[in-house]
Amino acid sequence: MKVIVVKDQAAGGKEGFKVFKNALDNGAKVFGLATGSTPVTTYKEIVNSDLDFSDCTSVNLDEYVGIAPDNDQSYKYFMQTHLFNDKPFKESFLPNGLASDPEAEVKRYDKVIDEHPIDLQILGIGRNGHIGFNEPGTPRDITTHVVDLTESTIEANARFFASENDVPKQAFSMGLASIMKSKHLLLEAFGENKADAVKGMIEGPDTPELPASILQNHPDVTVIIDEAAASKLSKKY
Ligand SMILES: N[C@@H]1[C@@H](O)[C@H](O)[C@@H](COP(=O)(O)O)O[C@@H]1O
């Protein structure tokens, strides 16, 4: 893993932007995208740049079950407002939170990923070490699936909703096996509440109990963290 420690999230956004620019300059056409507070500074740098994705495809990591794409809590809405309105892609894929047949939706999304191999996938990390919505204990050979969200994730994501009760209890998520197939991975983490997960991911045992530790097995991972998220690492990077 290439670990880059920056002062704060704003600086992290500038480093993240460089990774996107470099991928585009080297011919990347398919970008795996993530939501949450973590990637927003990277998306902001992209929006304020002259990077052009009109010839590219995006494939998002996850979406809540039961939420319509135009609902302002959907990940689709998040992507529109934080990136797509300013930087349109040729085509953009997300799981459909309203799919009436979840099994068929899972299959459809696996096909999307197979037909659009991801060149660069950006990831955040949950406080419990989840990536996408692959919670602790998720089998590592899993592709797209429906996840029952853990209490820790529901509580952490409640800040985006009126109350904790409004947070959906399930989500569609790209699986760990799908994520690991991406050519290049960029994981960002900012803030002290990510420090334990970051330590486990980089220095801890490679275990399904900390899903992000699977990245230790990927040949091309860039990790961008701020000083607070790096504060529990024993090695200096
Ligand atoms: N499914 C998302 C993840 O993709 C995200 O990385 C993580 C961290 O969120 P945040 O970036 O807001 O800290 O939580 C959510 O549950």
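Residues numbered from 1 in each chain as written. Predicted model: local features only at pLDDT ≥ 70, side-chain atom pairs only at ≥ 80, totals over all residues. Heavy atoms only, no water.

- Labelled according to UniProt, the protein chain appears under the name Glucosamine-6-phosphate deaminase, originating from Lactiplantibacillus plantarum.
- The annotation that UniProt attaches to the protein chain under Pathway is "Amino-sugar metabolism; N-acetylneuraminate degradation; D-fructose 6-phosphate from N-acetylneuraminate: step 5/5." (UniProt positions renumbered as here; feature names shortened; annotations may be inferred.)

## Re the overall build of the protein chain
Here comes step 1: The helix and strand tally for the protein chain stands at seven helices and 10 strands.
Here comes step 2: Computed over the C-alpha atoms, the radius of gyration of the protein chain is 16 Å, within 12% of the 18 Å expected from 2.2 N^0.38 for a compact globule of 237 residues.
Here comes step 3: With respect to the principal axes defined by its C-alpha atoms, the protein chain has extents near 50 × 40 × 35 Å.
Here comes step 4: Split into buried and exposed, the 237 residues of the protein chain put 54% on the buried side.
Here comes step 5: Considering only contacts in the protein chain between residues 6 or more positions apart, those separated by 24 or more positions represent 79%.
Here comes step 6: About 10,500 Å² of surface is accessible on the protein chain, with carbon and sulfur atoms providing 49% of the total.
Here comes step 7: If the 24 positive side-chain charges of the protein chain are averaged to one point and the 36 negative ones to another, these points end up 6 Å apart. (Helix = DSSP H or I, 4+ residues; strand = E, 2+ residues; numbered from the N terminus. Rg over C-alpha atoms; globule rule 2.2 N^0.38 Å. Buried < 20%, exposed > 50% of the residue type's maximum accessible area, 1.4 Å probe, protein only. Contact = heavy atoms within 4.5 Å. Areas by Shrake-Rupley, 256 points an atom, 1.4 Å probe, with all protein chains shown as cover. Lys, Arg positive; Asp, Glu negative; His and termini not counted. Charge placed at Lys NZ, Arg CZ, Asp CG, Glu CD.)

## Topic: the sheet that holds strand 6 (residues 120-123)
Here comes step 1: Taken in spatial order, the seven strands line up as 1-10-9-6-2-3-5 in an open sheet, and their pairing is parallel. Strands with a single pairing partner mark the edges of an open sheet, and in this sheet they are strand 1 (2-6) and strand 5 (91-93). If you compare each strand with its neighbour and ignore which way they point, the axes differ by 15° on average.
Here comes step 2: The pairing of strand 9 (residues 184-189) with strand 10 (residues 221-226) spans five bridges and is classified as parallel. Bridge pairing in strand 10 links Leu186 to Thr222.
Here comes step 3: Seen against the sheet, helix 4 (residues 102-115) touches strand 3 (57-60) and strand 5 and runs at an angle of roughly 140° to strand 3. (Pairing = 2+ DSSP bridges. Axes fitted to C-alpha atoms, helices over the stretch in contact; angles between N-to-C directions.)

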